[in-house]
Amino acid sequence: MTARAGLGALLWLVAAPLALAQYVGKLTLEPQHGPVGTPVLVRGTGLPPATRLELVWTTVRGRWKVDGERYLGREYLPASEPLATVHTDASGGFSAQFRVPEDFGFMHDVELRQGDRVFTRAGFSVDMTMTISPASGPAGTPITVEVKGIGWRHLQNSWLLLYDNATTGWVSAVTTRGSTRFTIPAAGKPGVHVLELLHGDFTFPYRNMQQSPEPDRPRFVKHFSVTPGAPVLPPPASAQAQRAVKRLPASQGGLAVSPAFAAVAAPVAVRASGLDPGKRYELAWSTVLGNRVAGEGWGEATRVIASGRADLQGALELRFSAPDDLGGLHALAVGRGAQKKTGLLWIAPSARPLTVNRGPAGTPFTIQLKGVGWTETANIYTVVYDNRYIGYACGFNSQGDVQIELRASGEPGWHFIDLYPAIYKGTEARPVNFRLPQLTYEADHPGEDLPAFRFAFEVTAPAGAQ
């Protein structure tokens, strides 16, 4: 044995008792794995007698990292929550029960604590589950997919839904603690259709899970029966307008903007006070011009969108239509210097009706969106045809106006086109979820709160039919 090896062995012998000394007693869990809500029996032995201890569930809290217009990935911070207070008996033992919290899937530590001290711990693995509802219905029926126990670590946190062997989109649960719910339309001719949920760390579903570094990750298969009958059609495009915008900053610069968010062309009113009576004022609108791909970059620009005179009390009211511009926040300003008043208006994405909504296979038609954003989390919409992802469209270079040219395909009957928000790009290396339809956009999209849109096209005859 060399001197270095002998010293290492000695240091290990000294350190090992110290490391072991911080744990007292033993904790066992029955069962050691199960889905959310599973009752678990906890037994402790070898602990200090007649002592009050806290049983604690360790976990993480997820958040998206977004810096202005840039997407920087996701982050998980350590967290814990109490499960029960236990009291050891005269022999240092106890038994208790808890139910598995609704939380991220896979391994969690259950710890026995007193203040900051951890006496002992045991591991519990939360099993993933997937359900769909209903199990049958005519074409267009909204299928609710509910998933619980999605993980947060690599190889556990990026799941993709497939419909009849085609990728529909990506499922996330970063800020929703491993649980999510979303809907897709029933598509295809009457009969059984197959929904699968598979993991994929690098954009696409990973197919040979049994040979992966973590072969015990689950694979889910569910069946939906499309039944004959009248289709369940989506509401008109005008009725799909976004009804609320979460995390919307308030205007605090003296301009009262009503409403605080609006679709392109919707009526907006701006009010201000404390101005010079009788003086004419112009309302300046701030936006961003440019794109990310031509190499010339982008920059801010302003233009006047309304003007008017203050009344005898120095109050000003301006009414105008929300500009045809990029989605997201826009700064508004009236006046200069000490009299300058500022505010904010959020332009929300909106959809126009299809240019054509029925015809034989091969019929061209156009989808048009207004108010598409410009940040890395808002500047594209992904297109899904009959639950098959077929590409994406960008709205930055065209100032939020997106026109997508498609051709109807498939057998005679109704076909469904969904437009989902996505993450265009960012600095994140794993998992790779860029430019994928985010099916869980409503509860878990980073950055902006964005809507999705659904359309229906009736194919009346096969291509070339007279």
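Residues numbered from 1 in each chain as written. Predicted model: local features only at pLDDT ≥ 70, side-chain atom pairs only at ≥ 80, totals over all residues. Heavy atoms only, no water.

### Things to note about the overall build of the protein
Argument step 1. In terms of regular secondary structure, the protein is built from two helices and 32 strands.
Argument step 2. Compactness check: the protein gives a C-alpha radius of gyration of 28 Å against a globular reference of 23 Å for 466 residues, more than 25% above the reference.
Argument step 3. The principal-axis extents of the C-alpha atoms in the protein amount to approximately 85 × 70 × 50 Å.
Argument step 4. Going through the 466 residues of the protein one by one, you find that 48% of them count as buried.
Argument step 5. Expressed as a percentage of contacts within the protein between residues at least 6 apart in sequence, the contacts between residues at least 24 apart total 70%.
Argument step 6. Computed over 44 positive and 39 negative side-chain charges, the separation of the two mean positions in the protein equals 1 Å. (Helix = DSSP H or I, 4+ residues; strand = E, 2+ residues; numbered from the N terminus. Rg over C-alpha atoms; globule rule 2.2 N^0.38 Å. Buried < 20%, exposed > 50% of the residue type's maximum accessible area, 1.4 Å probe, protein only. Contact = heavy atoms within 4.5 Å. Lys, Arg positive; Asp, Glu negative; His and termini not counted. Charge placed at Lys NZ, Arg CZ, Asp CG, Glu CD.)

### Details of the pattern of salt bridges
Argument step 1. Using the criterion set out here, one finds 22 salt bridges in the structure.
Argument step 2. For E30, the salt bridge is made with R43, and the minimal N-O distance between the two is 3.1 Å. Highlighted residues: E30 in strand β1 (residues 26-30) and R43 in strand β3 (residues 39-45), separated in sequence by 13 residues.
Argument step 3. Assessed through its relative accessible area of 43%, E30 is described here as partly exposed.
Argument step 4. In this structure R43 comes out as partly exposed when scored by relative accessible area, which is 37%.
Argument step 5. A salt bridge links R61 to E81; the nearest nitrogen and oxygen atoms lie 3.6 Å apart. Here the residue R61 occupies a position in strand β4 (residues 52-67), and E81 occupies one in strand β5 (residues 70-87), the gap between them amounting to 20 residues. (Salt bridge = Lys/Arg side-chain N within 4 Å of Asp/Glu carboxyl O.)

### Some details on the nonpolar core
Argument step 1. The biggest cluster of nonpolar side chains holds 27 residues, and the ones touching the most others in it are M128, M130, I143, V145, I184, L195 and L197.
Argument step 2. Every element with two or more residues in this core is listed here: β9 (129-133), β11 (142-148), β12 (159-163), β14 (180-185), β15 (191-199) and β16 (220-226).
Argument step 3. With residues up to four places along the chain from it excluded, the contact list for I184 reads T141, P142, I143, L161, Y163, T168, L195, N387, Y420 and R454.
Argument step 4. In this structure, A361, A393, V402 and L419 belong to the second largest nonpolar core, which totals 24 residues. (Core = buried A, V, L, I, M, F, W, Y, C linked by side-chain atoms within 4.5 Å.)

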